[in-house]
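Residue-level listing of the chains:
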Amino acid sequence: MYELMQKLCGVLAPSGREYALTEVLRDMIAPYVDEVKVDVLGNVVGKISGTGENKKKILYLAHMDEVGFMVTYIEGNGYIRFTNMGGPNLTSAAYQEVIFESGTRGHIVPHTGSDHNLNYSTMVVDIGAKDKEEAKSMVKIGECFSALPHVTKLARTMIGGRPLDDRIGCVILLEAARLMSEGRKPYNDIYFAFTVQEESTANGSTVTAFDIRPDIGIALDVCGTGDTIGAVPMETRCGDGAAILIRDSTLVADRDLVNTMFAVAEEKGIKHQTEVYTHGGTDAVPMQKVALGAKAGVISIPMRYLHTSAEVLDLADAEACRDLVLALSEHVF
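Residues numbered from 1 in each chain as written. Predicted model: local features only at pLDDT ≥ 70, side-chain atom pairs only at ≥ 80, totals over all residues. Heavy atoms only, no water.

Novice: Could you clarify how one ought to interpret the environment of N89 in this entry?
Specialist: Among the secondary structure elements, N89 is positioned in the loop between β5 (80-85) and α3 (90-93). For N89, a relative accessible area of 30% gives the class partly exposed. Measuring from C-alpha to C-alpha, the distance between N89 and L118 comes to 10.0 Å, with 29 residues separating the pair along the chain. Beyond its immediate chain neighbours, meaning those up to four positions away, N89 contacts H307 and T308. A polar side-chain atom of N89 sits 2.9 Å from the main-chain amide nitrogen of T91. (Helix = DSSP H or I, 4+ residues; strand = E, 2+ residues; numbered from the N terminus. Buried < 20%, exposed > 50% of the residue type's maximum accessible area, 1.4 Å probe, protein only. Contact = heavy atoms within 4.5 Å. Polar contact = N/O pair within 3.5 Å; in protein donor to acceptor, adjacent residues only side chain to side chain.)

Okay, structure coming up:
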């Protein structure tokens with residue numbers, strides 16, 4: 001999983017500009033599935049046909065995009081104004097090295113004296129250009145960029161870096177597909193979708209859900225934790241296993257599906273925990289409401305410091321999430 005994270009995190013994919021990662025994920029999932037396709041938005045969907053007589057269509061979603069920025073204006077002195085694509089943490093972004101779609105590098109810097117008043121009007125990107133004309137030859141209005149990616153091994157099975165959100169979900173689906181192709185044939189028809197634009201619009205998952213019309217839709221995404229200094233008390237912690245979502249700010253997970261997830265995790269001895277999150281949302285929302293809807297839920301990977309350049313998670317939790325994906329794929333609903 002660590003090697004896969006290094007590979008996926010190294011591909012720039014700010015929300016709405018995921019085209020490079022679309023190609024990588026298509027090529028990576030293809031050997032493991034019966035069929036694979038890329039839709040007009042850039043979502044990658046692979047299918048493995050199940051063996052069951054009363055099989056269901058299960059759609060697993062993990063978003064490939066990352067939080068980032070977009071160029072809005074270039075000053076006469078060559079400094080670059082920008083806005084957000086998704087919800088990056090501005091405290092983390094300050095003084096970070098960034099990379100543009102064109103390959104240009106630069107640094108996000110606050111105006112002098114504005115370190116304690118960070119917003120998009122008090123920060124610029126310095127690419128070293130001497131004036132506007134030189135800057136325009138290096139970047140374009142509307143071009144996207146992100147903080148430089150990196151993945152680092154920490155203590156035990158912990159890793160840190162960016163953009164772990166949600167490349168870890170993509171890794172889990174790739175690993176589940178690989179194991180299915182090597183002999184763990186699912187009972188149900190399984191769709192693995194790597195979606196675009198989750199951090200900005202959720203358009204990718206909406207299109208995918210409408211196309212597949214799943215009976216059951218499960219998002220694989222990260223969630224906040226209660227084990228950081230000063231965190232709002234919550235049950236979810238790094239190292240305590242796969243987090244099964246009850247609700248977040250945009251979704252109340254299907255009761256029957258939640259109960260099944262807990263029962264299957266208990267039966268298979270998969271380490272798991274309960275997640276009640278009062279913030280954020282995932283690609284599960286479109287699956288719940290597109291067309292005639294689906295039983296929707298979320299399997300979460302607990303993560304500290306979301307949307308920063310210091311995201312931290314436990315690969316043991318990711319393995320538990322993978323095992324739960326496999327077990328649910330074999331379950332008779």
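That covers the picture; the talk isn't over yet.
Novice: Would you mind going over a nonpolar patch on the surface with me for this structure?
Specialist: Side chains of V40, L41 and V207 sit close together on the surface and give an oily, nonpolar patch of about 260 Å² of accessible area. Examined against the element boundaries, V207 turns out to sit in helix α6 (residues 203-212). Accessibility expressed as a relative area gives 33% for V207, which makes it partly exposed. (Patch = residues over 30% accessible without salt bridge, like charges linked within 9 Å, V, L, I, M, F, W, Y side chains within 5 Å. Areas by Shrake-Rupley, 256 points an atom, 1.4 Å probe, with all protein chains shown as cover. Salt bridge = Lys/Arg side-chain N within 4 Å of Asp/Glu carboxyl O.)

Novice: Which parts of the structure should I look at to understand the nonpolar core?
Specialist: One recurring pattern in soluble globular proteins: nonpolar side chains tend to sit buried together. Within the largest apolar cluster, 78 residues are counted, with the highest numbers of intra-cluster contacts made by Y60, F192, L220 and I299. In contact with Y60, other than residues within four places in its own chain, are L173, I190, Y191, F192, A193, I218, L220, V325, L328 and S329. Grouped together as the second largest cluster of nonpolar side chains are 18 residues, V71, I74, A93 and M123 included. (Core = buried A, V, L, I, M, F, W, Y, C linked by side-chain atoms within 4.5 Å.)

Novice: How should I be thinking about helix α5 (residues 164-181) in this particular structure?
Specialist: Side chains three or four residues apart in an α-helix point the same way, a direct result of the helix having 3.6 residues per turn. The first and last C-alpha atoms of α5 sit 25 Å apart over 18 residues, in line with the 26 Å expected at 1.5 Å per residue. Of all 18 residues in α5, 15 are buried; the element is thus mostly enclosed. Phi for G183, located one or two positions after α5, is positive at around 140°. (Expected span 1.5 Å × (residues − 1).)

Novice: Explanation requested: the pattern of salt bridges in the structure shown.
Specialist: Side chains carrying opposite charge are able to pair once their charged atoms draw close together. By the definition in use, this model includes 15 salt bridges. The closest approach of N and O atoms between R304 and D227, which form a salt bridge, is 3.2 Å. You can see R304 sitting in strand β16 (residues 295-304) and its partner D227 sitting in the loop between β13 (216-223) and β14 (242-247), a full 77 residues away along the chain. Judged by relative accessible area, D227 falls into the buried class, the value being 17%. Measuring nitrogen to oxygen at the nearest pair gives 3.8 Å for the salt bridge that ties R255 to D256. Note on R255: relative accessible area 63%, which makes it exposed. Connected through shared salt-bridge partners, D254, R255, D256 and K295 make up one network.

Novice: Sorry if this is basic, but what is going on with the environment of H107 here?
Specialist: With respect to the secondary-structure elements, H107 resides in strand β7 (residues 105-110). In sequence terms H107 and E97 are 10 residues apart; their C-alpha atoms lie 4.4 Å from each other. Apart from residues lying up to four places away in sequence, H107 is in contact with Y95, Q96, E97, V98, V124, V125 and D126.

Novice: Could you clarify how one ought to interpret the packing of helix α7 (residues 255-268) against helix α9 (residues 315-330) in this entry?
Specialist: When two helices pack together, you describe them by how their axes are tilted relative to each other and by the distance separating the axes. It is at 10 Å that the axes of α7 and α9 come closest, and there the two elements cross at 105°. As judged from the angle between their axes, α7 and α9 are roughly perpendicular. Note on element contacts: α9 touches α7 through L324, A327 and L328, opposite T260, M261, V264, A265 and K268. Residue composition of the contact of α7 with α9, grouped by class: 6 nonpolar, 1 polar and 1 charged. (Axes fitted to C-alpha atoms, helices over the stretch in contact; angles between N-to-C directions. Parallel < 35°, antiparallel > 145°, perpendicular 65-115°, else oblique. Nonpolar A, V, L, I, M, F, W, Y, C, P; charged D, E, K, R; others polar.)

Novice: Where do I start with the side chain of T104 in this structure?
Specialist: Relative to the helices and strands, T104 is located in the loop between β6 (97-100) and β7. At a separation of 2.9 Å, a polar atom in the side chain of T104 contacts the main-chain carbonyl oxygen of M138. Not counting residues up to four positions away in its chain, the partners in contact with T104 are V98, I99, I127, M138 and V139.

Novice: Would you explain the packing of helix α1 (residues 2-9) against α5 in this entry?
Specialist: At a closest axis distance of 9 Å, the pairing of α1 and α5 adopts a crossing angle of 125°. In this view, α1 runs oblique relative to α5, as classed from their interaxial angle. The element α1 and its partner α5 pack so that their crossing is right-handed. Between α1 and α5, the contacting residues are L4, M5, L8 and C9 on the first element and L164, R167, I168, C170, V171, L174 and E175 on the second. (Left-handed = near helix turned anticlockwise from the far one by under 90°.)

Novice: Can you walk me through the state of the cysteines in this structure?
Specialist: Disulfides are covalent bonds that link the sulfur atoms of two cysteine residues. For the structure shown, the criterion picks out 0 disulfides. Left without a disulfide partner, C321 is nearest to the cysteine sulfur of C223, which lies 8.6 Å away. Accessibility expressed as a relative area gives 0% for C321, which makes it buried. (Disulfide = S-S within 2.5 Å.)

Novice: Honestly, the packing of aromatic side chains in this entry has me stumped. Any pointers?
Specialist: To describe a pair of aromatic rings, one takes the distance between the centres and the angle between the planes. Applying the stated criterion across every chain yields a total of 6 aromatic pairs. Ring geometry for Y60 and F192: centres 6.1 Å apart, planes at 20°, overall stacked. With a gap of 132 residues between them, Y60 in strand β3 (residues 57-63) and F192 in strand β12 (residues 189-195) connect regions that are remote in the sequence. By relative accessible area, which is 0% here, F192 ends up buried. Grouping aromatic residues by their ring pairs yields a cluster made of F69, F82, F100, Y120 and F145. One cation-aromatic arrangement involves R213 over F210; the distance from NZ or CZ to the ring centre is 4.0 Å. (Phe/Tyr/Trp six-rings, centres within 6.5 Å; stacked < 30°, edge-to-face > 60°. Lys NZ or Arg CZ within 6 Å of the ring centre and 35° of its normal.)

Fair warning: the whole summary comes from geometry, so function is off the table for now.
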